[in-house]
Amino acid sequence: MLEKAQKVLDILLEGNKNFVEGKSKNDNRNAESLVSLKNGQSPVACIVTCSDSRVIPELIFDKGFGELFVVRCAGAVIGENILESVEYAVDHLNVPLVMVLSHDDCGVMKAAKAMYPQEPDELQLLIRSVYEIIDSESECYNEIARNYTLTKKRKLLKRSKILRQAHHDGKFEIVRGYLNFDSGKVEIIS
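First, a word on scope: everything that follows refers to the structure included in this document. The structure displayed is predicted, hence computed values, not measured ones.

Take the packing of helix α4 (residues 80–91) against helix α8 (residues 161–168) next. Contact pair α4 / α8: the axes reach a minimum separation of 9 Å and the direction vectors enclose 35°. The way α4 lies across α8 gives a crossing that is left-handed. Between α4, through L83, V86, E87, V90 and D91, and α8, the contact on the second element is made entirely by I162, L163 and A166. In the contact of α4 with α8, the residues fall into six nonpolar, no polar and two charged.

Turning our eyes to something else, we now look at the packing of helix α7 (residues 141–159) against α8. Where α7 meets α8, the axes come as close as 5 Å, and the angle between the chain directions of the two elements is 100°. Between α7 and α8, the interaxial angle falls into the category roughly perpendicular. On the side of α7, the interface is formed by L156, L157, K158 and R159, while α8 contributes K161, L163, R164 and H167. Split by residue class, the contact of α7 with α8 holds three nonpolar, one polar and four charged.

Per the stated rule, a full pass over the model turns up nine salt bridges. One salt bridge in this structure joins K7 and E3, with 3.4 Å as the shortest N-O distance. Residue K7 and its partner E3 are both found in helix α1 (residues 3–20); the two are separated by four residues, about one turn of the helix. In this structure, K7 and E3 share a single accessibility class: exposed. With a shortest N-O distance of 2.5 Å, K110 and D105 are connected by a salt bridge.

Another aspect to go through is unusual backbone geometry. Going from Y116 to P117, the amide bond is cis rather than trans, its omega being 5°. In this structure, P117 sits in the loop between α5 (107–115) and α6 (124–131). Even without a glycine there, the phi angle at D62 is positive, about 55°. With respect to the helices and strands, the residue D62 is situated in the loop between α3 (57–60) and β2 (68–72). Although it is not a glycine, L123 sits at a positive phi angle of roughly 50°. Within the fold, L123 resides in the loop between α5 and α6.

This part is about the environment of H167. Following the sequence through the fold, H167 ends up in helix α8. For H167, a relative accessible area of 28% puts it in the partly exposed group. When the C-alpha positions of H167 and I144 are compared, they lie 26 Å apart, and in sequence the two are 23 residues distant.

Here the focus is the environment of F172. Relative to the elements of secondary structure, F172 occurs in the loop between α8 and β4 (173–179). Sequence separation of F172 and A5 is 167 residues, and the distance between their C-alpha atoms is 6.6 Å. With residues near it in sequence (within four places) discarded, F172 still touches L2, V90, V95, P96, L97, V98, L157, L163, A166 and H167.

Rules behind the numbers
Counting of residues starts from 1 at the beginning of each chain's written sequence and follows it residue by residue. It should be noted that, the model being predicted, local features are given only for residues of pLDDT at least 70 and side-chain atom pairs only at 80 or more, the latter also being counted only at that level, while totals for whole chains, interfaces and linings use all residues. To obtain the side-chain values, all non-hydrogen atoms of the structure were included, while hydrogens and water were left out. Only the contacting stretch of a helix is used when fitting its axis, a line to C-alpha atoms as for every element, and angles between N-to-C directions run 0 to 180 degrees. Strands here mean DSSP runs of E at least two residues long; helices mean DSSP runs of H or I at least four residues long; both are numbered from the N terminus. Working rule for handedness: look at the near helix, and if it is turned counterclockwise from the far one by less than a right angle, call the crossing left-handed; if clockwise, right-handed. Contact definition: two residues touch when any of their heavy atoms are within 4.5 Å. Three classes are used: nonpolar for Ala, Val, Leu, Ile, Met, Phe, Trp, Tyr, Cys and Pro, charged for Asp, Glu, Lys and Arg, and polar for all others, with Gly counted as polar. Geometric relationships in this document are graded by angle, where less than 35 degrees denotes roughly parallel, more than 145 denotes roughly antiparallel, 65 to 115 denotes roughly perpendicular, and other angles denote oblique. Every case where a carboxyl oxygen of Asp or Glu lies within 4 Å of a side-chain nitrogen of Lys or Arg is listed as a salt bridge. For every residue, the accessible area obtained with a 1.4 Å probe (protein chains only) is divided by the maximum for its type, and the residue is called buried under 20%, exposed over 50%, and partly exposed between those limits.

Dropping the structure here:
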């Protein structure tokens, strides 16, 4: 892994440790902090994650205003708006690390697992994007969410010339993470 990306990952995991232990050290979460950033931002990482209200990267990684560029969509499905947001983080904000973060008890994964293989009447984009990785009736939806992070990582690179080139040039790394609701801990998936 790139040295700069590894340092950022270490910072995120240290922040997650603070969160898990209930020892938040970040005081960058007030109006004064926001005012100090009115002329720009310099986030250290881009987190691509689900819109689930229980998944709040700034809290999970003990960060505040201006520290993370968070891109959210239900199920963290990679559509054009998500893709371009990540491109912006890498190409314009120069983040050295992108984390694709899934979590326990994801409603999109549950719905896809329950409906598979029927054609969905609702939430078609969300459900179909998960269908492409379901290959067994015995899979648990939490395991599907873990596996889906690899699909999302691949889609970011496959669908974006900007990201492929930046990754090839050693400008950033993509890692896969999984948030466990029982502990609050983020596991890095290799």
